[in-house]
Structure formats: structure tokens, C-alpha cells
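One letter stands for each residue in the lines below.
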Amino acid sequence: MIQIFAAVRSLIYATGFVLLWGWVALQARSIGGGLPLPAAPSRVAGTGLMVAGGILAFSCVAWFVIAGRGTPAPFDPPRSLVPGGPYRWVRNPMYLGAFLVLVGFGLWHASLSMVLVVVPVAVLAHLFVVFYEEPTLERRFGIPYVAYTALVNRWIPKPPNRDAVQGV
């Protein structure tokens, strides 16, 4: 029952997150000009990135609900550390999925300013992760989280050390 409520809350939070950043990207669209790309290839590339990023982000939410028994929202966090699924490859896959969606959305609209929205978003995400998320997770989960951070990169995915990550 806890997981059903976490799934519903996660869906609500994810919807708000997508709408917020979609709105921000659309506001940026009016700032700059278009990309020097034909619309059709730009849309195909954008669609591919949005689908890949969406699948990655959705799988992260699912792992938070199922393995973490919570949501990815900082104000409604998981009850357990989630070192599985995409989190075996990189510590912040949900952000990476969101970055892919933002870039894809910009490409779909053939808007350089929309594509470039990902730069300040990535900077803000990095600062949030370093100054809030990581200290909070270390306090919450202690040594298992510290061990996890020693094995898994913050932003650059790498193949997991299966035995070590499973033991976290």
C-alpha cells in the first residue's frame, strides 16, 4: 500500500516537474533564434532524446517507488537507499534523463535558446546535488551511502562493479 501511494505522489511530482521545465524552455524559445538545422532531422533527433530521457527518468522514479519505498522529491524522499537500476551506473540518472528531455525538446522545436536552457539547469542541478542532496543522503543513510559514492560517479556513467554495488 505504501508503494501505491508513493507511485501516485511520484506521478504528481513528476508531472509538475515536467510542466515547470517545459514552460521554462518555452519561455527561452522567444529569446533566441532557431537552430541552423532542417526541421525534420532536428525533430527526429529531438524525439529520440526526449524518449530516451523520459524512459531513463521514468525508470528512476520506478526504482524510487519500488526499491526506495518513496518518491524522488526531496520533500518526500525514499525510505531506503536506492543503489540499483540506473543508479548502479551513475548517482544522478534522473537529472541526466531530464537534461536529455530538455535538449530533445529544444531540438524538436529547432530552437538553440531552448537547447541552451540545459546549461543553467545543469549548473543549478549540480549545485543542488553537491550542497543539499549529497549531505542530506549521507546524514540519512550513513556509511552505505558513503560506500555507494565511492563506487558510483556523480555525473559520468560507468559500468557498475556488480558485486560491490549489490553489497551497498
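Residues numbered from 1 in each chain as written. Predicted model: local features only at pLDDT ≥ 70, side-chain atom pairs only at ≥ 80, totals over all residues. Heavy atoms only, no water.

(A) Molecular detail of the confidence of the model for the chain. When pLDDT is averaged along the chain, the result is 88, and 91% of the positions lie at 70 or above. Highest mean pLDDT in the chain belongs to helix α6 (residues 143-151) (97); lowest belongs to helix α7 (residues 162-166) (58). (pLDDT = per-residue confidence, 0-100. Helix = DSSP H or I, 4+ residues; strand = E, 2+ residues; numbered from the N terminus.)

(B) A look at the nonpolar core. The biggest cluster of nonpolar side chains holds 13 residues, and the ones touching the most others in it are A25, Y95, F99, L102, V121, A125 and W155. Dropping the residues within four chain positions of it, W155 is found in contact with V90, N92, Y95, L96, F99, A125, H126 and V129. Of all hydrophobic cores here, the second largest spans nine residues; its members include L81, V82, Y87 and F141. (Core = buried A, V, L, I, M, F, W, Y, C linked by side-chain atoms within 4.5 Å. Buried < 20%, exposed > 50% of the residue type's maximum accessible area, 1.4 Å probe, protein only. Contact = heavy atoms within 4.5 Å.)

(C) Up close: the packing of helix α5 (residues 118-141) against α6. At a closest axis distance of 6 Å, the pairing of α5 and α6 adopts a crossing angle of 135°. Considering their axes alone, α5 and α6 lie oblique with respect to each other. Contacts from E134, L137, E138 and F141 of α5 reach α6 at I143, P144, Y145 and V146. A breakdown of the residues in the contact of α5 with α6 according to their chemical character gives six nonpolar, no polar and two charged. (Axes fitted to C-alpha atoms, helices over the stretch in contact; angles between N-to-C directions. Parallel < 35°, antiparallel > 145°, perpendicular 65-115°, else oblique. Nonpolar A, V, L, I, M, F, W, Y, C, P; charged D, E, K, R; others polar.)

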